[in-house]
Amino acid sequence: MVTATITQEFSATWQTLADLIGYLEPQEFERVQAAFEYARQMHGDQRRQSGELFFTHPVTVAIYLARYKLDSAALSAALLHDVAEDTEESVAGIAARFGDDVAQIVDGVTKFEQTAESIDQMGALTKKQIRDATLHKLFQFMIRDKRVVIIKLFDRLHNMQTMGAMPQEKRVQKVEETLYVYAPLANRLGMWELKNALQSLSLLITDPETFYQIRDQLADLYDKLEPKLTDIRRRIKAQLEAQDIPYIDVLPSPRNIYTVYERSRQNGHTKPQLDTVIRLVVVVPARLDCYAALGAVHAMWRPVPGTFDDYIAHPRKNLYRALHTTVMYQTKPGQKGELIKLRFRTEVMNIASDIGVLANWAYGDHSWSSELDDEVSDQVTDFLRTVDEDIASEAHDLTDGVQNVVEDILQARITVYTPHGAAKSLPEGATAIDFAYTVHTDVGDSCRKAYVNGRLRALNEPLHDGEIVEIVKFRHPNPQRIWLDEDLGFLQTGRARMQVRRHFRRLDTDVAIREGYELLQEELHRIGHPTYSHKQVAQWVGLAKPKQLYHALGRADVLVTTVATKVLTDTWNRGHIRRIGQIVESADGERFIINNAGNSTLRMCHSCNPRPGDNIVGFFRKDGNITVHKEACHTLPPDPFTYRLIRLAWGEEGRNVRLVEIDIQVHDRPHLLYEITDLLRPEMVNIASIRTERDRTGLHVYIGLEVPNARLLVRILHRIQALVNVRMVSCLPEDDDEVPGMLTTPFYHPE
């Protein structure tokens, strides 16, 4: 029964909510109704930028929660979650009216600046500080009560759906925050449907044209595949029935609009490219039925080697469980095959993969709810424990604590193993050093080299899912300051970076000064300027004396790679500089830069009309000049003429390069030269010359490079230095008065 205090305007809204919360006991139902009435009263005629009454927002969030059967405390908090933020009521006042459980949830969702009692004493905070403090606070409350983050996620969902009246700058900022924090957070809690909604709304806001293009392409694809899907589903069901394997259904696996967009972009496509492979989910009653159904389908259609993954035995960190396989589907023997991607999972796994942590409320009354609870709770508990550890490790620095959670926990994960079989979860891209710090701080600090699957691996090379990692340690702690340069890829986790910084900030002043001096001397030798003024370098980083510079370098407050970049930038134009790239004009007058064409005259193919972003090749005409084509241009001659084709690349106008020769001293081993050149390939640096020479110290590899800027040269030098069996890397000086002496005991220990 709706009371008289609920206005006519919101009576229908209340009825919608009331119909959804019929699962509550009468006393709990009345609690939610009272929260509805009080929130409506407190918000009054407050309106959003769109002009609609503000109360529409909290009641919509409550309706979202009610669809998943959340309890009365969560529903009441959802209705009241903006009261403490946007009205005169306080969290304490909410506690007095609705209880501490509701008030604590409201407090967790409320922004930092509305709840910090000492805000006046803290002085003015920047927007970023407030945002980081708000996230830090959200994570802290989430650890205690996961209902806090569930409300926050649905709050963000409705805000994303209704931000049309916001200024564009603020909308873009909200989208960035959503993609960086809230969508990954929903993913780690297993809320796949909500994650997809947040990502798709983000694309709709920032690039509506692409959003609608992908949506329409997907609709067309589903229409086109429908007859084939029907036949494949029928045949799989018939096979399972013939083998007496129980099943619940065979369902199409939907594609996410944002995932299509992301994969197209990662693959270098300027326009969305759909993967047209058919995807199906086979839902069965029990875990063992997943394996039986997989075997039955493999008996019917040949599996594609290397496509099987068992995410039941080795589950993902976002509550996802399934068996994956790809098979070659044929309607008739001997007919050309077609790939089908199949997923096998139980009904419980299917629910958990879609709504994750929400399943504990939504399906709590089912016979298999205890299995679902176990499926979800262990993973969520482990996730929240890890968040707690990261937040606690940086309690004095809100920004670092938030960054640790976002970078280390919310991003995509891999699982690697110690030699004894202990599993360690790491973010994608993590290295052996990151792994070492998850084992123990002392193992990370003492990390000397790493064996991955029994083979020596560079310490800045990313690990992959399922690998076995063994760390070889120094006798004493000996972390490297160079690890802190994010551009070199040694550390990917905030926790590892924090431990490395902590080690160097604990050094005695005299030790820091001595080691800082040694670092600077070695780095100047490395870049070919051993006599460069230390005083000049100190002034560049805002320090009065070289001794202060040494101290800053020793404590890793200033990185030696930063210093090297400044020195090389200052001396860059003293080297051999040349301009690369040629200008070519299209038929309609557009001008482009093309690299790798030598001195030949260029013209654009009028048939394929290549543009930046396209893969391009050049065809040598009989007059010695070159026509620029797309790789797949139909006017290119057939295979016998491929000797007249060269691969080209798009360039940048006014791009100069400096010719630098580097000396790489190595202990020779198979594949080392390949690894050096392979490392240079993604840097888009041309190798102008290469030669090797032996002397009494070992093998020297001399490589002439055309490098566009100082920072890239520093990056190349240190990334080569990190390769296994590389002893020392240095630039050969171009001035006769600067001849670097060889350091007999380099402070930087090659991995």
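Each chain has its residues counted from 1, running along the sequence as written. Since the coordinates come from a predicted model, pLDDT governs what is reported: local features require at least 70, and pairs of side-chain atoms require 80 or more to be given and counted, while whole-chain, interface and lining totals use all residues. With hydrogens and water excluded, all non-hydrogen atoms of the structure serve as input to the side-chain values.

### Here's the deal with the overall build of the protein chain
Reasoning step 1: Think of it this way: any DSSP run of H or I at least four residues long counts as a helix, any run of E at least two long counts as a strand, and we number them from the N terminus. If you tally the helices and strands in the protein chain, you get 29 helices and 23 strands.
Reasoning step 2: Relative accessibility under 20% of the residue-type maximum defines a buried residue, over 50% an exposed one, and the middle range a partly exposed one, all with a 1.4 Å probe and only protein chains included. Residue burial in the protein chain is summarised as follows: out of 751 residues, 50% are buried.
Reasoning step 3: Throughout, a contact is declared for two residues whenever any of their heavy atoms are within 4.5 Å. Considering only contacts in the protein chain between residues 6 or more positions apart, those separated by 24 or more positions represent 65%.

### Considerations on the confidence of the model for the protein chain
Close inspection of predicted coordinates is inappropriate in any region flagged by low pLDDT.
Reasoning step 1: Every residue is assigned a pLDDT by the predictor, reflecting its confidence on a scale from 0 to 100. In this model, the protein chain carries an average pLDDT of 84, and 88% of its residues clear a pLDDT of 70 or more.
Reasoning step 2: Counting interchain partners and residues more than four positions distant, the pLDDT-below-50 stretch residues 1–6 has 11 contacts.
Reasoning step 3: Scored below 50 in pLDDT, residues 113–123 shows 10 contacts in the model against residues more than four places distant or in partner chains.

### Some words on the sheet that holds strand E9 (residues 447–452)
Reasoning step 1: If you walk across this open sheet you meet the three strands as E10-E9-E11, and the pairing is antiparallel. Among the strands making up the open sheet, the edge pair consists of strand E10 (455–457) and strand E11 (469–473). Each strand axis lies, on average, 35° off the axis of its neighbour in the sheet, ignoring direction.
Reasoning step 2: Taken together, the five bridges between E9 and E11 define a ladder with antiparallel strand orientation. In the sheet register, Cys-447 faces E11, and the bridge partner there is Lys-473.
Reasoning step 3: Note on geometry: axes are lines fitted to C-alpha atoms, helical ones only across the stretch in contact, with angles between N-to-C directions running from 0 to 180 degrees. Contacting E9 and E11, helix H21 (residues 432–439) crosses the sheet at an angle of about 80° to E11. A pair of strands is considered paired only if DSSP assigns at least 2 bridges between the two.

### So, the nonpolar core
Reasoning step 1: Nine residue types can take part in a nonpolar core, namely buried Ala, Val, Leu, Ile, Met, Phe, Trp, Tyr and Cys, and a core is a set of them joined through side-chain atoms within 4.5 Å. Leu-17, Leu-80 and Phe-154 are the most contacted members of the largest nonpolar core, which has 80 residues in total.
Reasoning step 2: No other element matches the eight residues that helix H11 (residues 147–161) contributes to this core.
Reasoning step 3: With 72 residues, the next largest nonpolar core counts Ile-433, Ala-564, Leu-672 and Ile-703 among its residues.

### Some thoughts on the sheet that holds strand E14 (residues 591–595)
Reasoning step 1: Taken in spatial order, the three strands line up as E13-E14-E19 in an open sheet, and their pairing is antiparallel. Because the sheet does not close on itself, it has two edges, and the strands there are strand E13 (582–585) and strand E19 (649–650).
Reasoning step 2: Of the strand pairs in this sheet, E14 and E19 are connected by two bridges, and their pairing is antiparallel. Along E19, the bridge assignment pairs Ile-594 with Trp-650.

### Section: a nonpolar patch on the surface
Reasoning step 1: Residues Leu-673, Ile-687 and Ile-690 make up a contiguous nonpolar surface patch of about 220 Å² in total accessible area.
Reasoning step 2: With respect to the helices and strands, Leu-673 occurs in helix H28 (residues 672–680). A patch consists of residues exposed above 30% relative accessible area that lack any salt bridge, with like charges linked at up to 9 Å and nonpolar side chains (Val, Leu, Ile, Met, Phe, Trp, Tyr) linked at up to 5 Å. Residue-level accessible areas treat just the shown protein chains as cover; the underlying method is Shrake-Rupley with a 1.4 Å probe. Put simply, a salt bridge is a Lys or Arg side-chain nitrogen that is within 4 Å of an Asp or Glu carboxyl oxygen.

### Considering the side chain of Arg-156
Reasoning step 1: Looking at where Arg-156 falls in the secondary structure, it is placed in helix H11.
Reasoning step 2: The definition of a polar contact used here is a pair of N or O atoms within 3.5 Å, where within protein one atom must be able to donate a hydrogen and the other to accept one, and adjacent residues in sequence count solely through side-chain atom pairs. A polar contact of 2.6 Å, which involves the side chain of Arg-156, links it to the side chain of Glu-177.
Reasoning step 3: Not counting the four nearest positions on each side in its chain, Arg-156 is found in contact with Lys-174, Glu-177, Thr-178, Tyr-182 and Leu-198.

### Looking at the packing of aromatic side chains
Reasoning step 1: In summary, the pairing rule links any two rings of Phe, Tyr or Trp, Trp by its six-membered ring, whose centres are within 6.5 Å, and it sorts them by plane angle into stacked for under 30 degrees, edge-to-face for over 60 and tilted for everything else. Tallied over the full model, the rule gives 13 aromatic pairs.
Reasoning step 2: Residues Phe-592 and Trp-650 carry aromatic rings whose centres are separated by 5.6 Å and whose planes lie at 70° to one another, so their mutual orientation is edge-to-face. With Phe-592 in strand E14 and Trp-650 in strand E19, this residue pair connects regions lying 58 residues apart in the sequence.
Reasoning step 3: By relative accessible area, which is 9% here, Phe-592 ends up buried.

### Looking at helix H14 (residues 208–242)
Reasoning step 1: Taking 1.5 Å of rise per residue, the 35 residues of H14 would be expected to cover 51 Å, and the 48 Å separating its terminal C-alpha atoms lies within 8% of that figure.
Reasoning step 2: All buried positions along H14 are accounted for by Thr-210, Phe-211, Ile-214, Leu-218, Leu-221, Leu-225, Leu-229, Ile-232, Ile-236, Gln-239 and Leu-240.
Reasoning step 3: Count one or two residues on from H14 and you reach Asp-244, which has phi positive near 55°. One less than the number of residues in a helix, times 1.5 Å, gives the span that helix is expected to have.

### Looking at helix H4 (residues 72–80)
Reasoning step 1: Burial of H4 is extensive: nine of the nine residues sit out of reach of the surface.
Reasoning step 2: Taken as a whole, H4 has its buried residues at Ser-72, Ala-73, Ala-74, Leu-75, Ser-76, Ala-77, Ala-78, Leu-79 and Leu-80.

### Re unusual backbone geometry
Reasoning step 1: One non-glycine residue, Asp-244, adopts positive backbone phi at about 55°.
Reasoning step 2: Following the sequence through the fold, Asp-244 ends up in the loop between H14 and strand E1 (249–252).
Reasoning step 3: Phi angles above zero are rare outside glycine, and His-671 is one such case at about 75°.
Reasoning step 4: Among the residues examined, His-671 registers a relative accessible area of 55% and is labelled exposed.

### Focus on the environment of Asn-318
Reasoning step 1: Structurally, Asn-318 is set in the loop between strand E4 (309–310) and strand E5 (323–329).
Reasoning step 2: Since its relative accessible area comes to 15%, Asn-318 is described here as buried.
Reasoning step 3: C-alpha of Asn-318 to C-alpha of Gly-356: the two residues are 38 residues apart in sequence and 7.9 Å apart in space.
Reasoning step 4: Among the polar contacts made by the side chain of Asn-318, one reaches the side chain of Asn-187 at a distance of 3.1 Å.

### Concerning the packing of H11 against helix H13 (residues 192–206)
Reasoning step 1: At a closest axis distance of 10 Å, the pairing of H11 and H13 adopts a crossing angle of 30°. Classified by the angle their axes make, H11 and H13 are roughly parallel. Handedness of the H11/H13 crossing: left-handed. Contacts between H11 and H13 pair Leu-153, Phe-154, Arg-156, Leu-157, Met-160 and Gln-161 from the former with Leu-194, Ala-197, Leu-198, Leu-201, Ser-202 and Ile-205 from the latter.
Reasoning step 2: Here the term charged refers only to Asp, Glu, Lys and Arg, the term nonpolar to Ala, Val, Leu, Ile, Met, Phe, Trp, Tyr, Cys and Pro, and the term polar to all other amino acids, Gly among them. Residues of the contact of H11 with H13, tallied by class, amount to nine nonpolar, two polar and one charged. Any angle from 65 to 115 degrees is called roughly perpendicular, while one under 35 is roughly parallel, one over 145 is roughly antiparallel, and all others are oblique. Two helices crossing with the near one rotated counterclockwise from the far one by less than a right angle form a left-handed crossing, whereas a clockwise rotation gives a right-handed crossing.

### Some details on the pattern of salt bridges
Reasoning step 1: Tallying each qualifying case throughout the model produces 35 salt bridges.
Reasoning step 2: Across the pair Glu-585 and Arg-591 runs a salt bridge, and its minimum N-O distance is 3.8 Å.
Reasoning step 3: Of the charged contacts in the structure, one is a salt bridge between Arg-691 and Glu-661, with a shortest N-O distance of 3.3 Å. Note that Arg-691 is positioned in strand E21 (residues 686–695) and Glu-661 in strand E20 (residues 656–666), a separation of 30 residues in sequence.
Reasoning step 4: Among the residues examined, Arg-691 registers a relative accessible area of 39% and is labelled partly exposed.
Reasoning step 5: Taking the relative accessible area as the measure of exposure, Glu-661 reaches 28% and is therefore partly exposed.
Reasoning step 6: Overlapping salt bridges, with partners in common, bring together Asp-485, Asp-487, Glu-683, Arg-711, Arg-715 and Arg-719 in one network.

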